[in-house]
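The chain contents come next:
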Amino acid sequence: MNWQDNYQTWVDCPAMDLTLKAQLKALKNDAQQLEDAFYAPLEFGTAGMRGLIGPGINRMNIYTVRQAAEGLARFMDTLTAEQKQRGVAISFDSRYNSSLFATEAARVLGYHQIPVYLFDSLRPTPELSFTVRYLQTYAGIMITASHNPAQYNGFKIYGPDGGQMPPQESDQITQYVRQASDLFAIKVADIHEMRQNKLLQLLGEDIDQAYLQQLQSVTIDQSLLQKYSDLKFVYTPLHGTGKMLAGRAFSQAGFTQMHLVKEQAILDPEFATVQFPNPEFAETFNLAIRDGNKTAADVLIATDPDADRLGAAVRQPSGDYQLMTGNQIASVLLEYILSAKKRNQSLPANGAVVKSIVSTELAAKIAAAYGVKMINVLTGFKFIAEKIQQFQDLGNYQFLFGFEESYGYLIQPFVRDKDAIQASLLLAEVAAYYKSQGKTLYDGIQDLYQKYGYFKEQTISKTFSGVNGAQKMTQLMAQFRKSEPQEINGTPVQSVQDFQSGIQKNVDGTTSSLGLPRANVLKFLLADETWIAVRPSGTEPKIKNYVGVTAANQAAADEKLAAYVEAINSWY
């Protein structure tokens, strides 16, 4: 059907949700908005789905959420009785309709006689991952749009290991989602009957305490925590789920000076104090800096609304606050983990660190210095979770740290997704360590540059929204493959890694297998140790371009990076 037919189907539905019905009426004369809402179904991929809230098949609403849950339910109907009865854990963030969507997903599962464990109020994504493992449910659902603006929401599915559902199972679920094409025919159970029939159990403080207990394994040197328990922090949950646990985690670790940004501790789905609830952005820290100046805080910490990403800023001797990039935070965390374990003789001989292919190569240098294996995986924390499970199944490596440049980190694998609560605790310990040296966290990253070389990275995102956005991105990626650059910014390209074909082509004509799952990613390795990667985002209508450079000093690295960024911008 064309978008007009899809729209008319919704208009003619006699049992249409009244709120959505009113929104449809308001859009009646806006053909552009209606076409975007009805031209194609909301994409359901390996990370679930994410989109604008509103009526339409290309929007987040109770009907598309039911469809996603129906896909999972039909998949679970094919499992053994034991697997199906393990059930599904569900959590949600502070966004518009998150609680409603969580309940609607539960009702669909209940109709299929699948037990549901639903949080009594919002909880972080990492706690949902932990809950799947702790309760040994077969799957988990997290209702969140992570760091997207207020008008978005999303639906993520987790597998039995607590990581996002692996590609094979996810592909099967996607097929079932598409089969449930009549959104208005999907059956749902009554919540009260589900409670009476023991199909729905509420979760809350019981899981909180279990998760907090596991957090005690994140920190390494208890003497540092005790000596610098008065280290001063300002924390903002950016109106989201981090509020539920971060303060308790810091208190449990012994830190006594944690100041909460009160305006951003309000669970506000409008995220009224920020343009984007994303700890990557400097403006996100405006209120934290204000409070930091009042309290002379050593470190400012921000987590995104579902508390899986963490950003930080460090007080300098001048009193100003210096923001750290995701790669810088990961690097100081990694250096501390390995050095602290080496000092207390707990660094394993088979230790391994896992990072995404678009994250800093400084981490590889650090790992090599400590004799630790560095493993690169595709972008998406589910691939890091898969490696952790492989380590556990094969016994070949011991997981020490995993990260992505996009401000996501994991220290202990009782969670199998990025965990900003874990990361904030360890970052506090690292701050205490550098304080014991008379330094700051930012001094710590400068020490790493002096030791390993100056590394700088940047991500350049190009947005292609609307009806033709996906087609335009497909055309651009095809063009990149058709006309692979021989040089970039005057520097020869030595190798091209095409993760879609799984082949690395070298300038001398040789080829090799990349040994990773297929993905729509290109990566160029240049003669001056620069690397550039290009990939369409899996969650947003963007092509993301990543560049990483290294140089002998900061000025040279800055100049080099700026030149490559200019070259990348010229491609679009």
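Computed from a prediction, not measured in an experiment: that's the story for all the values here. (Residues numbered from 1 in each chain as written. Predicted model: local features only at pLDDT ≥ 70, side-chain atom pairs only at ≥ 80, totals over all residues. Heavy atoms only, no water.)

(A) Seen up close, the sheet that holds strand β6 (residues 200-203). Spatial strand order, β1-β5-β4-β2-β3-β6: six strands in an open sheet with mixed pairing. The open sheet terminates on both sides in strands that have one partner only, identified here as β1 (49-52) and β6. Within the sheet, the average angular offset between the axes of one strand and its neighbour, ignoring direction, is 15°. Here strand β2 (residues 88-92) pairs with strand β4 (residues 139-143) via five bridges, running parallel. Bridge pairing in β4 places I90 opposite I141. (Pairing = 2+ DSSP bridges. Helix = DSSP H or I, 4+ residues; strand = E, 2+ residues; numbered from the N terminus. Axes fitted to C-alpha atoms, helices over the stretch in contact; angles between N-to-C directions.)

(B) Highlighting the nonpolar core. Judged by nonpolar contacts, the single largest core of 103 residues is most densely connected at L215, F401, Y409, L427 and L441. In terms of residue count, helix α17 (residues 420-436) provides more of this core than any other element does, twelve residues in total. Setting aside residues up to four positions removed in sequence, L427 forms contacts with I301, L310, A312, I329, V332, L333 and L441. Ranked by size, the runner-up nonpolar core spans 54 residues in total, among them M60, V108, M165 and I173. (Core = buried A, V, L, I, M, F, W, Y, C linked by side-chain atoms within 4.5 Å. Buried < 20%, exposed > 50% of the residue type's maximum accessible area, 1.4 Å probe, protein only. Contact = heavy atoms within 4.5 Å.)

(C) The layout of surface pockets, seen in detail. One number sums up the size of the second largest pocket: a volume of about 300 Å³. Along the wall of the second largest pocket there are 14 residues; nearest its centre are M1, N6, I57, S181 and L183. Of all the elements in the fold, those that place two or more residues in the lining of the second largest pocket are α1 (3-11) and α4 (62-77). Top contributing element to the lining of the second largest pocket by residue count: α1, with three residues. For the lining of the second largest pocket, the per-class residue count stands at seven nonpolar, five polar and two charged. (1 Å grid on protein atoms, 1.4 Å probe; cavity = no way out; pocket = protein on both sides within 12 Å on 5 of 7 lines; lining within 4 Å. Points joined across faces, edges and corners; volume = space filled by probe spheres on them. Nonpolar A, V, L, I, M, F, W, Y, C, P; charged D, E, K, R; others polar.)

(D) Layout of the pattern of salt bridges. Applying the stated rule across the entire model yields 26 salt bridges. Of the charged contacts in the structure, one is a salt bridge between R123 and D120, with a shortest N-O distance of 3.4 Å. Judged by its relative accessible area of 4%, R123 is buried. For D120, a relative accessible area of 47% translates into the label partly exposed. A network of salt bridges, in which partner residues are shared, links D120, R123, E127, E205, D208 and R248. (Salt bridge = Lys/Arg side-chain N within 4 Å of Asp/Glu carboxyl O.)

(E) Highlighting the pairing of strand β3 (residues 116-119). Along β3, one buried face is formed by V116 and L118 and the opposite face, lined by Y117 and F119, is buried too. Where β2 meets β3, three bridges bridge the pair, whose relative direction is parallel. Along β3, the bridge assignment pairs I90 with L118. For the crossover from β2 across helix α6 (residues 98-111) to β3, the handedness is right-handed. In this sheet, β6 lies alongside β3 in parallel orientation, the contact comprising four bridges. Paired with V116 across the strands is L200, a residue of β6. (Right-handed = clockwise from strand over helix to strand, strands pointing away.)

(F) Expanded view of the pairing of strand β11 (residues 321-324). Looking at chain direction, strand β10 (residues 310-315) and β11 are connected through four bridges and run antiparallel. Of the residues in β11, the one forming a bridge with A312 is M324.

(G) Seen up close, the packing of α17 against helix α18 (residues 441-452). Put simply, α17 and α18 touch, their axes get as near as 8 Å, and they point 80° apart. Viewed along their axes, α17 and α18 adopt a mutual orientation that is roughly perpendicular. Together, L427, V430, A431 and Y434 of α17 and L441, G444 and D447 of α18 make up the contact between the two elements. Considering only residue class, the contact of α17 with α18 consists of five nonpolar, one polar and one charged. (Parallel < 35°, antiparallel > 145°, perpendicular 65-115°, else oblique.)

(H) Highlighting the sheet that holds strand β8 (residues 257-260). Spatially, the five strands line up as an open sheet ordered β8-β7-β9-β10-β11, and their pairing is mixed. Strand pairing shows two members of the sheet lacking a second neighbour, β8 and β11, which therefore form its edges. Across this sheet, the average inter-strand angle for adjacent strands is 25°, counted without regard to direction. Pairing analysis gives four bridges linking strand β7 (residues 232-236) to strand β9 (residues 299-303), with the strands arranged parallel. The residue of β9 that forms the bridge with Y235 is I301. Where helix α12 (residues 246-253) meets the sheet, its contacts fall on β7, β8 and β9, and the angle it forms with β8 comes to roughly 170°.

Fair warning: the whole summary comes from geometry, so function is off the table for now.
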